[in-house]
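Given next are the chains, with one letter for each unit.
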Amino acid sequence: MTDRHHHHDHVHAGDPHAPISDHGREPSFDYLVLERAVRELLIGKGVFTADEWRRQIELMDSRNPAVGARLVARAWVDPAFKQRLLADPKGAAAELGIDTTNTPEVAVVENTPDRHHLITCTLCSCYPKAILGIPPAWYKSDTYRARAVKDPRGVLREFGTELAPDVEIRVMDSTADLRYLVLPMRPPGTESLSEAELARLVTRDSMIGVAVARAPEPVR
Amino acid sequence: MSRFSPGDAVRVRNDWPETSGRRVHIRTPHFVRGREGVVERVLGTYPNPESLAFGQPGLPPQTLYQVRFAQAALFPDGTGNARDTLTADLYEHWLEAHP
C-alpha cells in the first residue's frame with residue numbers, strides 16, 4: 001500500500017529518470033493484482049499452462065510494424081496484390097506467410113493524392129496488432145483519441161505532417177469489430193528501389209496515418 | 001439481409017442507455033448519436049457486443065456498417081475542411097433511415 005501511494009504521489013517534475021507515465025493510464029495496482037490472481041487460478045485449474053501463457057506473450061511481442069511494411073511494399077510493386085490486400089487483407093497477409101488466425105478482422109484503407117486516412121479508436125485502443133504489434137503509448141492516450149476526431153489537421157501538424165488544404169482527411173474510428181491499417185502512398189523517386197528497400201520506408205506511423213512514408217535517402 | 005446499402009442516408013439513434021442506471025457496454029461514440037451520415041460499406045454480421053460484454057452470446061447478431069459523417073457537422077468548432085470526413089463502424093440497431 002505504501003509503495004502504491006508513493007508511486008502515484010511522487011513528483012517527477014524535472015527528474016530526467018522519472019518513469020514515462022501517461023497520466024494514470026497505466027494499469028492500476030488493483031488491476032495488476034486482479035490479472036495475476038485470475039491468471040494463476042486459470043493455470044491452477046488447467047485452463048492453460050504457464051508455458052502457453054508465456055508463448056502467447058512471446059507471439060504478441062514478435063508482431064511489429066515490419067510485418068505491415070512487408071504488406072505495403074508488396075502492394076506498391078504488385079498492383080494485383082494491392083487489389084487483393086484491399087479486398088481481403090487476411091488472405092493477402094497469408095500469401096506472405098503472415099498468420100492472422102484468431103485475430104480480429106482487418107480493413108486496409110488506401111491513401112491517394114486526394115484522400116488521407118488517420119486511424120484512431122475513440123472508445124478504447126483498437127489497433128491491428130496482428131500486423132503492427134503493440135500500439136504506441138500515444139495512440140492509447142485520451143488526448144490523441146479525443147483530438148484525432150476533432151482536430152485531425154492539428155494532430156497531423158504536431159506529428160510534422162502538413163497536408164494540402166484540398167486533401168480530404170478521413171478519420172477512421174475503429175469503434176467495433178474491424179482494425180484499420182493505412183496503405184500509405186509510395187514516395188516519389190523510389191522507382192529503382194527493391195521491395196526490401198521500399199519496406200524500410202514504411203514506418204509504423206505511416207500505417208496509422210499520422211505520417212507519410214519516408215522519402216528515400218538521396219543518392220550521393 | 002442487411003437493412004441498409006452503401007450510399008444510404010442514415011441517422012444514428014439519439015439514445016443514451018448509459019443514463020438508464022443499468023450497466024451497459026455501448027460501442028456507438030457519443031459524438032455521432034443523433035447525427036446523420038451515409039453508409040460507406042456493409043462490413044458483415046457480428047455478435048452484438050452489448051450483450052457479449054456481459055458473457056451473453058450476442059444474439060441476435062447485428063449487421064455492422066461503416067458510416068461516414070462530415071467532420072465539420074460533428075465538430076462545428078473543429079478545424080476540419082468542408083471535405084474532411086469521419087467514419088465509425090456502427091451496428092444496425094443503432095441506425096435508422098434518414099429520408
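Refer to the structure above for everything that follows.
Keep in mind the model is a prediction, meaning the values are calculated, not measured.

Cut-offs applied
- Residues numbered from 1 in each chain as written.
- Chains lettered and ligands numbered in written order.
- Predicted model: local features only at pLDDT ≥ 70, side-chain atom pairs only at ≥ 80, totals over all residues.
- Buried ≥ 20, exposed ≤ 12 C-beta atoms within 10 Å, placed from the backbone.
- Helix = DSSP H or I, 4+ residues; strand = E, 2+ residues; numbered from the N terminus.
- Pairing = 2+ DSSP bridges.
- Axes fitted to C-alpha atoms, helices over the stretch in contact; angles between N-to-C directions.
- Contact = placed C-beta atoms within 7 Å.
- Parallel < 35°, antiparallel > 145°, perpendicular 65-115°, else oblique.
- Left-handed = near helix turned anticlockwise from the far one by under 90°.
- Nonpolar A, V, L, I, M, F, W, Y, C, P; charged D, E, K, R; others polar.

All names here are of chain A. Across the 6 residues that make up strand S2 (residues 115-120), a large majority, 5, are buried. Pairing analysis gives 6 bridges linking S2 to strand S3 (residues 168-173), with the strands arranged parallel. Across the sheet, the residue bridging to His116 is Ile169, located in S3.

Ordered in space as S2(A)-S3(A)-S4(B)-S3(B)-S2(B)-S1(B)-S5(B), the 7 strands form an open sheet in which the pairing is mixed. The sheet terminates laterally at S2 of chain A together with strand S5 (95-97) of chain B, the two strands that pair on one side only. On average, each strand axis in the sheet is inclined to that of its neighbour by 35°, with strand direction left out of account. When S3 of chain A meets strand S4 (residues 85-91) of chain B, the two strands line up parallel, connected through 4 bridges. Its bridge partner lying in S4 of chain B, Asp173 of chain A is registered against Ala88 of chain B. Most of the contacts of helix H9 (residues 142-150) of chain A go to S2 of chain A, to which it runs at about 150°, and overall it touches S2 and S3 of chain A together with S4 of chain B.

Residue and element names in this part refer to chain A. Axis separation between helix H4 (residues 65-77) and helix H5 (residues 79-87) bottoms out at 5 Å; the angle between their running directions is 130°. By the criterion of interaxial angle, the relationship of H4 to H5 is oblique. When you trace H4 past H5, the crossing you get is left-handed. Contact residues: Leu71, Arg74 and Ala75 in H4; Phe81, Lys82 and Leu85 in H5. Taken together, the residues of the contact of H4 with H5 break down into 4 nonpolar, no polar and 2 charged.

Function-wise, these values are silent; they only describe arrangement.
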